[in-house]
Each structure stands twice: as C-alpha cells, then as structure tokens.
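Spelled out from the first residue to the last, the chains are:
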Amino acid sequence: MADSKIFKLSDGVDIEKVGQAIQGWLREKKQLHTEGMHTNEGYLVQAKEEDSWKKIVGMDSAIQVQIFKAGEDQIMVNVGSGKWVDKAGAATIGMVAFAPLAVTAAIGAWNQKKLPDELFEFVEQFILSGGKTVMVSMSASQDIKDGEVVCPNCKAVNKAGAKFCVSCGTKLGKECPNCHASVGLDTKFCPECGTDLNPKPKEVTCPDCQKVVSADTKFCPNCGHAFN
C-alpha cells in the first residue's frame, strides 16, 4: 500500500495549489525532474531523477503523488511509485494504483518512509500558511541567477526570456498599456516608452472627514459621505 494522509484545507488553498506546491518542493528540495497534471480524480504529480529521465532508456518508474477530494473541505494525499504517465493522456487517468516507494534509480537512495513523511510535513505547513508562507520561503532559498525569472504561481525558476513557466504554464510577462511592448513581471517602467507599469491607484479626500480613499469608492468607509 502507498502512504496516505488526509488534510483539511484552509481558505484559499485547493487541490491544484497543493499539487503545484508539491511539484515545486520535489523539484527544488529534492532536485528531481517533475510534472504535474489534472486527472479525473484530482491532481497528479510525478517525479524522478533528472539523469535517469534523460539518460536511462526504458526508465519509466517514478515517484507519484496523487491528490484528490476526501470530503467537502478535505483532501487525501497518496505517495507511492508507479509508471511514468504521459501528460497527453492524463485527462483519462482515474485513481492510480500505487506501489510503496522503493529504492530504485527513479527515486535515489531515500528509504521507503523518509520521503512521504517529509512531503506530508511540507503539505501540512503549506495548508496552515494559507499557501503563502511556504511558497515565499521556497523562493527566498533559491539561487536565482541574473536574468532568470521566478514564476509567480509555482515559484519555479525559468530562463531569461521565457514567456511561459516551464513547470505550470503561467505567463511570465506583462504588456505595457501604452505601447504594448512585452516586459518582465518585475519591470517597473517600460523600457520602450517609459510608462510607469505599477501606478498607484488614484485617491480622493473625503470632504467631510478628510479621509483619503480610493477614487472609485462610492461611500466613505469612515463617515459615509457619498461620492458623486
């Protein structure tokens, strides 16, 4: 039997976010080649050593982590080993029958219990943090080289110039509203026309109580004054 554990979700955290977080953890903390995909039952993450994936012909076994609903606000996380799944056929996958983790070329020298326990601890902390604190710490611990881009969604490190994240497909750039040039997510001013890409929202001062509020506010939250 594979290792399994049930977790209660917190607000703002769903199956997909947990799956993407696990994918990032296996890639960054365990240095594995990973893929994540939606399935009929939930979300599947698979991982194996980069060298095995690239060099060993016929190596199709992998760590597999399946996340699926176990109740209205609960998920079950299964950790085991199985055949590497073709991403193109993921939509037709139901619940995967996992085998226990074993010491193979696909998962390195970890023993059968160490990896599931570490992963379950990570998932628990990720959920308790609301999906924020853990991801921030993961990003901060990465060795980011000049020009590399960190995906805002899964925190994977991408090469300079990448338009979409190689891990989760999230768009890695934005468009200048003035000249429509493509710029990086962290760019503050457009290099083509100089437009401020992070303008502060317009504000107005309430004439009754002098509270500064957003220009699109209809009623002052402090005194109730109605803005025309």
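First things first, this report covers the structure right here in the doc. Here the residue numbering is sequential within each chain, running from 1 through the sequence in written order. Only residues with pLDDT of at least 70 get local features here, since the model is predicted, and only at 80 or more are side-chain atom pairs given and counted; chain-wide, interface and lining totals rely on the full set of residues. The basis for every side-chain value is the complete set of non-hydrogen atoms in the structure, without hydrogens or water.

### Here's the deal with unusual backbone geometry
Put simply, the test is: The numbering of helices and of strands both runs from the N terminus, where a helix is a DSSP run of H or I of at least 4 residues and a strand a run of E of at least 2.
Its identity as a non-glycine residue notwithstanding, H180 has a phi of 65°, on the positive side. Looking at the element boundaries, H180 is found in the loop between strand 8 (173-175) and strand 9 (182-184). Here the phi dihedral of Q210 falls at roughly 70°; this positive angle occurs in a residue that is not glycine. As for its placement among the helices and strands, Q210 is situated in the loop between strand 10 (203-205) and strand 11 (212-214).

### A word on the pattern of salt bridges
Our working definition: Each reported salt bridge corresponds to a side-chain nitrogen of Lys or Arg within 4 Å of a carboxyl oxygen of Asp or Glu. A simple rule labels every residue: compare its accessible area, found with a 1.4 Å probe on the protein chains alone, to the largest value its type can have, and call it buried under 20%, exposed over 50%, or partly exposed in between.
Applying the stated criterion across every chain, the model contains 2 salt bridges. The shortest N-O distance in the salt bridge between K8 and D73 comes to 2.3 Å. Note that K8 is positioned in strand 1 (residues 3-8) and D73 in the loop between strand 4 (61-71) and strand 5 (74-83), a separation of 65 residues in sequence. The class of K8 is exposed, set by a relative accessible area of 55%.

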